Each structure stands twice: as structure tokens, then as C-alpha cells.
Amino acid sequence: GAVVSQHPSWVICKSGTSVKIECRSLDFQATTMFWYRQFPKQSLMLMATSNEGSKATYEQGVEKDKFLINHASLTLSTLTVTSAHPEDSSFYICSARATGNNSPLHFGNGTRLTVT
Amino acid sequence: LAKTTQPISMDSYEGQEVNITCSHNNIATNDYITWYQQFPSQGPRFIIQGYKTKVTNEVASLFIPADRKSSTLSLPRVSLSDTAVYYCLVGDMGGSQGNLIFGKGTKLSVKP
């Protein structure tokens with residue numbers, strides 16, 4: 001089945017620094033990828049839609065200048081958390097849909113970000 | 001996008017069949033119903049997807065009535081390892097559309 005790989009699986013950074021998270025579709029091409037954030041004991045919240053070769057679409061309330069998304073190829077999307085603060089500590093999950101009608105989303109294993 | 005409603009939690013015992021129902025009263029004609037399983041600190045894992053009637057795979061069955069306003073995920077003979085959060089999602093699957101919005105999910109606890 002379709003596999004989505006996310007890296008790193010966890011990262012600790014200091015306040016004010018930036019962190020980049022990679023999301024790769026390993027065995028399929030994805031023109032669209034999705035980034036989610038999940039706080040403890042809560043559901044996944046869609047942050048943005050990453051579009052290959054064009055600008056990402058952000059959900060209401062998500063700062064595009066803080067969460068930079070780049071989708072430079074059909075198999076790679078990156079999320080950069082800029083000037084991270086402790087409140088950005090969360091579980092970030094990416095997903096992608098294989099081409100073809102009715103394909104479900106496939107998710108990476110998530111990245112645990114801790115900002116100290 | 002159709003809003004979904006699920007029970008917050010369910011308890012079961014090993015070996016029992018578990019049925020989790022999801023309500024989606026405003027489902028659209030093009031929407032599919034997809035169920036995911038999530039363990040702590042992991043990404044959601046696809047379980048099953050359907051449009052109408054019944055779908056079965058090696059891990060679960062999905063029952064969808066004719067009006068499609070609800071669906072039921074059926075897990076046969078659950079084990080302790082089935083303890084997880086289960087999400088029902090409804091959305092348009094065509095092309096690059098269909099951003100699927102997660103509801104609160106159902107936390108299933110399987111006891112020995």
C-alpha cells in the first residue's frame with residue numbers, strides 16, 4: 001500500500017529557532033499533501049494543504065509566515081516552523097493521497113516537536 | 001464537508017465484536033466514508049472506506065444504510081491491541097480535493 005514517510009520522528013529545539021519537518025510519499029506521487037497538528041488528547045487539526053509547484057493553502061487561524069510549507073516535488077513536502085515558541089510544541093502529521101479516484105489519505109508517523 | 005458525530009469512548013472485552021457508529025447527516029452525493037485508527041504518538045492508519053451498502057476487508061467491515069446518514073465500523077473479535085482512537089471521516093475523494101476534517105473520534109478500550 002501507499003507509504004508516507006515523515007522525518008524526523010521527534011525533535012527538540014530552543015525558542016526562537018526554526019525546525020524543518022519532511023514528508024515524503026515513498027511509492028506514489030502526490031500533487032497534494034496535507035499537514036495536521038495534534039495536541040495531547042485532542043483530534044487532528046488540519047493546518048494547511050501543500051500543493052506541488054504552487055503556494056500552500058492555510059486553514060483559518062494558521063499563520064502562513066510562521067508555518068512555511070514547500071512542496072517542490074511530487075514526493076516531498078516540507079513544513080518549517082519558524083521562530084518556534086513553547087506553544088508550538090505539538091505532534092505534527094502529514095498525509096498524502098495517491099493518484100486515482102477514491103484513494104484514501106495515507107499518513108506519516110508524525111513528528112513530536114518540543115520547544116524549550 | 002459533512003460533520004461527523006461519534007461516541008467519545010467505548011469499552012469492550014477481548015474476543016467481542018465491536019461496532020462503532022458515526023452520524024453524518026449532511027453527507028453529500030460525492031462523499032465517501034473513511035475510517036482510521038490511531039495509536040498514541042502515531043499517525044492515523046487507514047482501516048476501511050466505503051460509499052454505500054457493505055464493505056469488508058481483512059480487518060473490519062463497514063455498514064452504510066441506504067440514506068448514508070450514518071455508518072458503522074465493525075471490528076470482529078477485538079484484541080488488546082485494538083485499543084486505539086477510531087475516526088470516521090466523510091469527504092469528497094476525487095482528484096486533489098477532499099481535505100478530510102477529523103472529528104473527535106472514539107476511544108476504544110479493550111480489556112482482558
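Residues numbered from 1 in each chain as written. Chains lettered and ligands numbered in written order. Predicted model: local features only at pLDDT ≥ 70, side-chain atom pairs only at ≥ 80, totals over all residues. Heavy atoms only, no water.

Visitor: Now, about the overall build of chain B: what can you tell me, with residues and values included?
Guide: Across its full length, chain B carries zero helices and nine strands. Scaling as 2.2 N^0.38, a compact globule of 112 residues should have a C-alpha radius of gyration of about 13 Å, and chain B matches this with 13 Å. Across its three principal axes, chain B shows a C-alpha extent of roughly 40 × 30 × 25 Å. A total of 112 residues make up chain B; the buried ones form 46% of that total. Long-range contacts, defined as pairs at least 24 residues apart, comprise 57% of the intrachain contacts of chain B with a sequence gap of at least 6. Total accessible area computed for chain B in this model is approximately 5600 Å², and 51% of it derives from carbon and sulfur atoms. For chain B, the distance from the average position of its 10 positive side-chain charges to the average position of its 8 negative side-chain charges is 4 Å. (Helix = DSSP H or I, 4+ residues; strand = E, 2+ residues; numbered from the N terminus. Rg over C-alpha atoms; globule rule 2.2 N^0.38 Å. Buried < 20%, exposed > 50% of the residue type's maximum accessible area, 1.4 Å probe, protein only. Contact = heavy atoms within 4.5 Å. Areas by Shrake-Rupley, 256 points an atom, 1.4 Å probe, with all protein chains shown as cover. Lys, Arg positive; Asp, Glu negative; His and termini not counted. Charge placed at Lys NZ, Arg CZ, Asp CG, Glu CD.)

Visitor: Go over the sheet that holds strand β8 (residues 76-81) of chain A, please, and point to the residues and values.
Guide: All names here are of chain A. Across the sheet, four strands lie side by side as β1-β3-β8-β7; this open sheet has antiparallel pairing. Every other strand in the sheet has two partners, leaving β1 (4-7) and β7 (67-73) as the edge strands with one partner each. The mean inter-strand angle of the sheet, taken between neighbouring strand axes irrespective of direction, is 15 degrees. Pairing geometry for β7 and β8, over five bridges, is antiparallel. Across the sheet, the residue bridging to I69 is L79, located in β8. (Pairing = 2+ DSSP bridges. Axes fitted to C-alpha atoms, helices over the stretch in contact; angles between N-to-C directions.)

Visitor: Can you tell me about the sheet that holds strand β8 (residues 84-92) of chain B, naming the residues and giving the values?
Guide: Residues and elements named next belong to chain B. In space, the five strands of this open sheet follow the order β1-β9-β8-β3-β4, with mixed pairing throughout. The sheet terminates laterally at β1 (9-13) and β4 (45-50), the two strands that pair on one side only. Direction aside, neighbouring strands of the sheet carry axes that sit 25 degrees apart on average. Pairing of strand β3 (residues 31-38) with β8, which is carried by eight bridges, proceeds in the antiparallel orientation.

Visitor: I'd like to hear about the interface of chain B and chain A, residue by residue, with values.
Guide: Each partner contributes to the interface: chain B provides 22 residues, whereas chain A provides 23 residues. Each partner contributes to the roughly 1700 Å² buried at the junction of chain B and chain A, and carbon and sulfur atoms together form 50% of this total. On the surface where chain B and chain A come into contact, there are zero salt bridges. Between chain B and chain A we count four residue pairs in polar contact (both at pLDDT 80 or more) in total. Every element with two or more residues in the side of chain B that touches chain A is listed here: β3 and β4 of chain B. Looking at side-chain class alone, the side of chain B that touches chain A contains nine nonpolar, 12 polar and one charged residues. (Buried area = accessible area lost by both parts, 1.4 Å probe. Salt bridge = Lys/Arg side-chain N within 4 Å of Asp/Glu carboxyl O. Polar contact = N/O pair within 3.5 Å; in protein donor to acceptor, adjacent residues only side chain to side chain. Nonpolar A, V, L, I, M, F, W, Y, C, P; charged D, E, K, R; others polar.)

Visitor: Please give an account of the environment of A:F28 that cites residues and values.
Guide: Residue and element names in this part refer to chain A. Relative to the helices and strands, F28 is located in the loop between β3 (19-25) and β4 (32-38). In this structure the C-alpha to C-alpha distance between F28 and A98, which are 70 residues apart in sequence, comes to 6.0 Å. Leaving out residues up to four positions away in the same chain, F28 has contacts with A2, V3, V4, L74, T75, A96, R97 and A98.

Structural measurements only, silent on function.
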